[in-house]
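Letter by letter, the chains look like this.
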Amino acid sequence: MRRRFIVPVINSVAALMCSLTCSSAVMLAQTWNSSGLPRDAFQPTQAKSDPAPRRDLTGTWDAGNAGIQGTGHVAAPVTPWGEERLKDIKPGNGPRAVTEEFINDPLSIMCDPAGFPRLVLYELRPTQIVQTPNQILMLYMFEKRWRVIWTDGRELPQNPDPRWYGYSVGRWEDDYTFVVQTIGMDDRTWLDNAGNPHSADMRVEERYHRRDRDTLELTVTINDPIAYTKAWTPHDKLPLKLMPPGTDLMEMICSPTEAAAYKKLVDTQKK
Amino acid sequence: MSNKMVGVFVVAINLVVHSAPVLAHHGTASFDDKILTLKGTVTEWVWSNPHCFLTFDVKEENGSVTHWAVETQNPTTMSQLGWTRTSFKAGEVVTLTLQGVKNGAPIGRVRTVYFADGRVLLATGVTAPDPLPAK
């Protein structure tokens, strides 16, 4: 009789304790409108992460300030074709920066899509990676945009119609390294804020290496012999950190209405 | 210059030269390196992409009013620095340090905001509040 009384009490207390601690943990993880990890998350630490899971990039990842790249990248030397293309490009940043009234950046002035690979070379904000049996989906906070990386073994298309975000296929090189090849990008897009150009024949390789449970390294290589004299690597093992489960991301959308209001305000002030 | 003065006006030009912020959506080439210090009355705070902007009125020493518009980075970046959609109320008086544009128009990029209640907000790339000129 006494035992029958004590056991349920112990179970109830345990259940109560668990419900309190578990719900607290869940509440801590479930934050709305996250803008990214705190900056100290990117400081070197002695804490050892758990090993990386096999063939798994699932989660929301943040590169912190290193993903923003506001001034653009140092590209390989351009070809004569690249030089000609640069005559029409007026960036607001980098070595060819012009003053505000002359900038013609299609993203920041017109709110055109960033396109690929600019989406990962500029404002690489927190990104959720989702794996399905035949795709890996990249869900980007910046622009609230997504990409589909096909993993069903298909070949890249021949002579594809250009797309803002191209055509991507991926494969596991080993259990911790996923490699993506992308072609077919619209050559109206810039590669970065410095206005580095590309041709429609560009091929981009992304290597996602999961170093451990909490760290993903991204290397991006630009292969575009029409625009550049050699291949170059704007991201070389850029570290991305795993965000807590349950992270809800902010919207970060370039609204043409808001951009127009901003421009109107600036123009009014100049008069 | 008394804190109790109702008039709001330009208090000084801080001649300390700082380097321009390295992060920018549009560009850095338009902004002067000189840091201005202004005291003004907020008229509007707009929390939008690709830039948030603050408008405020500054009363000049001759009694005229200059309407200023200054930008910050986007809401995502600013929220990481403690700024929110409700950081400013129309009608409140703030003191700002900022970089104006080179052509002299009343447009600029905020660096530091001092509120009357003692709060201080820093913009992107600003690691410590810009000092206010000695009174």
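Report on the accompanying structure. (Residues numbered from 1 in each chain as written. Chains lettered and ligands numbered in written order. Predicted model: local features only at pLDDT ≥ 70, side-chain atom pairs only at ≥ 80, totals over all residues. Heavy atoms only, no water.)

## Concerning helix H4 (residues 256–270) of chain A
Part 1: With 15 residues, H4 of chain A extends 21 Å between its outermost C-alpha atoms, agreeing within 8% with the 21 Å of an ideal straight helix rising 1.5 Å per residue.
Part 2: Three or more residues of H4 of chain A are buried, namely Ala259, Tyr262, Leu265, Val266 and Gln269 of chain A. Around the axis of H4 of chain A, the buried residues are gathered within 125° of arc, so they sit on the same side. Along H4 of chain A, the residues that are exposed and aim more than 90 degrees away from the buried face are Pro256, Thr257 and Lys264 of chain A.
Part 3: Elements in contact with the buried residues of H4 of chain A: strand S3 (53–59), strand S4 (65–71) and strand S6 (107–115) of chain B. (Helix = DSSP H or I, 4+ residues; strand = E, 2+ residues; numbered from the N terminus. Expected span 1.5 Å × (residues − 1). Buried < 20%, exposed > 50% of the residue type's maximum accessible area, 1.4 Å probe, protein only. Arc of directions from axis to C-beta. Contact = heavy atoms within 4.5 Å.)

## Considering the state of the cysteines
All names here are of chain A.
Part 1: All chains considered together, the criterion is met by 1 disulfide over all chains.
Part 2: Here cysteine 111 is linked by a disulfide to cysteine 254, with a sulfur-sulfur distance of 1.9 Å. What sets the handedness of the cysteine 111 and cysteine 254 disulfide is the S-S torsion sign, and at about -65° it is left-handed. Residue cysteine 111 is located in the loop between helix H2 (80–86) and helix H3 (118–121), and its partner cysteine 254 is located in the loop between strand S9 (232–242) and H4; the two are separated by 143 residues in the primary sequence. (Disulfide = S-S within 2.5 Å.)

## Topic: the pairing of strand S8 (residues 215–223) of chain A
Residue and element names in this part refer to chain A.
Part 1: Within S8, 8 of the 9 residues are buried, leaving the element largely enclosed by the surrounding structure.
Part 2: Relative to S8, strand S7 (residues 203–212) runs antiparallel, the two being bridged by 9 bridges. Looking across to S8, one finds that glutamate 205 is bridged to threonine 221.
Part 3: Relative to S9, S8 runs antiparallel, the two being bridged by 6 bridges. Its bridge partner being in S9, leucine 216 is matched across the sheet by leucine 240. (Pairing = 2+ DSSP bridges.)

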